[in-house]
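Chain residues, written in single-letter form:
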Amino acid sequence: MLDTKLRSLLKVQETGSFTKAAQELSLTQPAVSQHIATLEKELGIVIFERHNNIISITREGELVIRYAKRMLSLYNNLINELSSKKRQITSITVGITHTAESNAIAGALASYASSKENLSIKILTNTVASLYEMLQNYEVDFAIVEGRINAPNLRYLPLDTDSLVLAISPNHRLADSTMVTIDDLKNEKMILRLPTSNTRNLFVSSLETKAMSIDNFNVVLEIDNIATIKDLVRNDFGVSVLAKSACLEEIRKKKLVCLPIQDFEMLREINLVYLKDFRHESILNEIVKEYHQTSSKS
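What counts and what doesn't
Residues numbered from 1 in each chain as written. Predicted model: local features only at pLDDT ≥ 70, side-chain atom pairs only at ≥ 80, totals over all residues. Heavy atoms only, no water. Core = buried A, V, L, I, M, F, W, Y, C linked by side-chain atoms within 4.5 Å. Buried < 20%, exposed > 50% of the residue type's maximum accessible area, 1.4 Å probe, protein only. Helix = DSSP H or I, 4+ residues; strand = E, 2+ residues; numbered from the N terminus. Contact = heavy atoms within 4.5 Å. 1 Å grid on protein atoms, 1.4 Å probe; cavity = no way out; pocket = protein on both sides within 12 Å on 5 of 7 lines; lining within 4 Å. Points joined across faces, edges and corners; volume = space filled by probe spheres on them. Patch = residues over 30% accessible without salt bridge, like charges linked within 9 Å, V, L, I, M, F, W, Y side chains within 5 Å. Areas by Shrake-Rupley, 256 points an atom, 1.4 Å probe, with all protein chains shown as cover. Salt bridge = Lys/Arg side-chain N within 4 Å of Asp/Glu carboxyl O. Axes fitted to C-alpha atoms, helices over the stretch in contact; angles between N-to-C directions. Parallel < 35°, antiparallel > 145°, perpendicular 65-115°, else oblique. Nonpolar A, V, L, I, M, F, W, Y, C, P; charged D, E, K, R; others polar. Phe/Tyr/Trp six-rings, centres within 6.5 Å; stacked < 30°, edge-to-face > 60°. Lys NZ or Arg CZ within 6 Å of the ring centre and 35° of its normal. Left-handed = near helix turned anticlockwise from the far one by under 90°. Pairing = 2+ DSSP bridges. Arc of directions from axis to C-beta.

Caption draft 1: Summary view of the nonpolar core. Ranked by size, the top nonpolar core spans 26 residues in total, and within it L185, F203, V241 and I261 carry the most contacts. Elements represented by at least two residues in this core include exactly β6 (154-168), α8 (182-186), β7 (189-192), α9 (198-209) and β9 (240-243). Here this core takes four residues from α9, the largest share from any one element. If near-sequence neighbours (up to four positions away) are discounted, F203 is found in contact with L164, L185, M190, L192, I214, V241 and M266.

Caption draft 2: Region of interest: empty space enclosed by the protein. Per the counting criterion, the structure on display carries one cavity of 30 Å³ or more. Its boundaries defined by the atoms lining it, the largest cavity holds a volume of some 70 Å³. Taken together, 13 residues line the largest cavity, and the ones lying closest to its centre are T97, V128, R193, S197 and N198. Listed by contribution, the elements that provide at least two residues to the lining of the largest cavity are α5 (98-101) and α9.

Caption draft 3: Representation of a nonpolar patch on the surface in the model. Together, L63, Y67 and M71 line one region of the surface with nonpolar side chains, adding up to about 290 Å² of accessible area. Among the structural elements, M71 can be located in helix α4 (residues 59-86).

Caption draft 4: Representation of the packing of helix α1 (residues 4-15) against helix α3 (residues 29-43). Two numbers describe how α1 lies on α3: the axes approach to 9 Å, and their chain directions differ by 105°. Judged by the angle between their axes, α1 and α3 are roughly perpendicular. Taken together, the residues of α3 that come into contact with α1 (itself represented by T4, K5, L6, S8, L9 and V12) are V32, H35, I36, T38, L39 and E42. For the contact of α1 with α3, the residue count by class is six nonpolar, four polar and two charged.

Caption draft 5: Broad picture of the packing of aromatic side chains. Within the structure shown, the criterion is met by three aromatic pairs. In this structure, R70 packs its charged tip against the face of Y67, placed 5.1 Å from the ring centre.

Caption draft 6: Region of the structure containing the packing of α1 against helix α2 (residues 18-25). One way to put it is that α1 packs onto α2 with a least axis distance of 8 Å and a crossing angle of 125°. When the axes of α1 and α2 are compared, the pair comes out oblique. Classified by chirality, the crossing of α2 by α1 is right-handed. Within the contact between the two elements, α1 uses R7, S8, K11, V12, E14 and T15 and α2 uses F18, K20, A21, E24 and L25. Here the residues of the contact of α1 with α2 sort into four nonpolar, two polar and five charged.

Caption draft 7: Spatial organisation of the pattern of salt bridges. Here the structure, examined in full by the defined rule, presents 13 salt bridges. Between K116 and E286 there is a salt bridge, with its nearest N and O atoms 3.5 Å apart. Of the two residues, K116 is situated in the loop between α6 (104-115) and β4 (120-125) and E286 in helix α12 (residues 281-297); the sequence distance between them amounts to 170 residues. For E286, a relative accessible area of 32% puts it in the partly exposed group. The residue R193 makes a salt bridge to D224 at a minimum N-O spacing of 3.4 Å. Of this pair, R193 sits in the loop between β7 and α9 while D224 sits in the loop between β8 (218-222) and α10 (226-234); the two residues are 31 residues apart in sequence, bridging distant segments of the chain.

Caption draft 8: Broad picture of the pairing of strand β11 (residues 267-275). Of all the nine residues making up β11, seven are buried; the element is thus mostly covered by neighbouring parts of the structure. The sheet contact formed by strand β5 (residues 142-146) and β11 spans five bridges and is antiparallel. Within β11, the position partnered with A143 by the bridge is V273. Strand direction decides the pairing type here: β6 and β11, joined by nine bridges, are antiparallel.

Caption draft 9: Up close: helix α7 (residues 128-136). Restricting attention to buried positions, one finds in α7 the residues V128, L131, Y132, M134 and L135. Projected onto a plane normal to the axis of α7, the buried residues spread over an arc of 160° and lie on a single side. Here the buried face of α7 lies against β3 (91-96), β4, β5, β6, α9 and β11. Phi turns positive, to about 65°, at Y138, one or two residues after α7.

Here it is in structure tokens:
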């Protein structure tokens, strides 16, 4: 069983309070405090600093919490793995990007889950960088990401390809065009994803290959929520560079017009990424198959 001291540690970090942590763990507050004190003594560090009844995590404490989360995930995975030895696997946790949340991937996962008896899928949405960290910490079983990185313990399964396009309102002056130029964009108010997103980074790196900078454009809003960006574009508050896959429903309903940008071929892979010790690769192949079937119907 996972050490109760680590459970107390993670609950204090989650709630920001020793008292609340004790209540949620059905323990006394002194017991939780003793757990933390024992951990600090064993490790020879201070995990939480206390000032005016407010606790903050030290740099060493952040490292301890990161490993404690990994240990909890591994323990939960052990329980699930032992359980699936006796019967079929019953739960999967999948990490997806905000872009993937807006396209056929979420639908494919839902369709796959509904086709399997006694299987539940939990979907967590985050940035690509955070998803890789969650994967390494065993907080997700696999993730769906754009592109790939070089890491010896990771495996990739191609899912699809995608491209970035200019999304504009159907009432926009360029809506009847078949393509736009980069100079067209300089005259527009732009609503972009945050700099932490792969979509934004791909657009920026494409500009840099043409000796241009994002500073040459009139970026009026930066938002992480793709649905909000699409609503703002649809209502003529600006234009945006988005993944075409995230706009397919709006294109079909003629709520958005998406156009390629001349001389900018912003293509990227969409992959399933998982740790090499993941033991259910057949499930991944089934999800890829379900995705292609779902996509072909839309």
